[in-house]
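# Per-entry structural report
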Amino acid sequence: MSTNPVAIKPETRNHKGFFVQDADYELVSIEASGWALICVDDAVCHYVDPDNLLIQNLDA
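It should be emphasised that the depicted structure is a prediction, and the values quoted were computed from it without experimental measurement. (Residues numbered from 1 in each chain as written. Predicted model: local features only at pLDDT ≥ 70, side-chain atom pairs only at ≥ 80, totals over all residues. Heavy atoms only, no water.)

Right, let's get into unusual backbone geometry. One non-glycine residue, Glu 11, lies in the positive phi region at around 65 degrees. One can find Glu 11 in the loop between β1 (4–8) and β2 (25–30). (Helix = DSSP H or I, 4+ residues; strand = E, 2+ residues; numbered from the N terminus.)

Structure, rendered in structure tokens:
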């Protein structure tokens, strides 16, 4: 994945209301529906509220 590394705020929930595990995520996209798609790898992804993201390394 060639995307941007992001962290999540504590107690972030996905679009289904479940807590998202704290891990190293990559921001894949922000959908037209308003959800941000974040992934750990090709198999583990979550839709979350973009307000719960902590963007890292904006200059990189």
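We now examine the sheet that holds strand β4 (residues 45–48). Strand pairing within a sheet occurs via backbone hydrogen bonds; the two strands may be parallel or antiparallel. Spatial strand order, β4-β3-β2-β1-β5: 5 strands in an open sheet with antiparallel pairing. Edge positions in the sheet fall to β4 and β5 (53–55), since each of these pairs with one other strand and no more. On average, adjacent strands in this sheet sit at an angle of 45 degrees to one another, irrespective of strand direction. Two elements, β2 and strand β3 (residues 36–39), share 4 bridges in a ladder whose sense is antiparallel. Its bridge partner lying in β3, Ser 29 is registered against Leu 37. (Pairing = 2+ DSSP bridges. Axes fitted to C-alpha atoms, helices over the stretch in contact; angles between N-to-C directions.)

This paragraph deals with the nonpolar core. The biggest cluster of nonpolar side chains holds 9 residues, and these are Val 6, Ile 8, Val 20, Tyr 25, Leu 27, Ala 36, Ile 38, Val 48 and Leu 53. Mapped onto this core, the elements with two or more residues apiece are β1, β2 and β3. Once residues within four sequence positions are removed from consideration, Leu 53 is found in contact with Val 6, Ala 7, Ile 8, Leu 27, Ala 36, Ile 38 and Val 48. (Core = buried A, V, L, I, M, F, W, Y, C linked by side-chain atoms within 4.5 Å. Buried < 20%, exposed > 50% of the residue type's maximum accessible area, 1.4 Å probe, protein only. Contact = heavy atoms within 4.5 Å.)

Looking now at the confidence of the model for the chain. Per-residue confidence for the chain averages 90 on the pLDDT scale, and 87% of its residues sit at or above 70. Here β5 is the element of the chain with the lowest mean pLDDT, 89, and β4 is the one with the highest, 98. (pLDDT = per-residue confidence, 0-100.)

Locating Thr 12 in the fold gives a position in the loop between β1 and β2. In this structure Thr 12 touches Phe 18, Phe 19, Val 20, Val 48 and Asn 52, once residues within four positions along its chain are discounted.

For the rest of this paragraph, the subject is the packing of aromatic side chains. Per the counting criterion, the structure on display carries 0 aromatic pairs. Across from the ring centre of Phe 19, 3.9 Å away, lies the NZ or CZ of Arg 13, which sits over that ring. (Phe/Tyr/Trp six-rings, centres within 6.5 Å; stacked < 30°, edge-to-face > 60°. Lys NZ or Arg CZ within 6 Å of the ring centre and 35° of its normal.)

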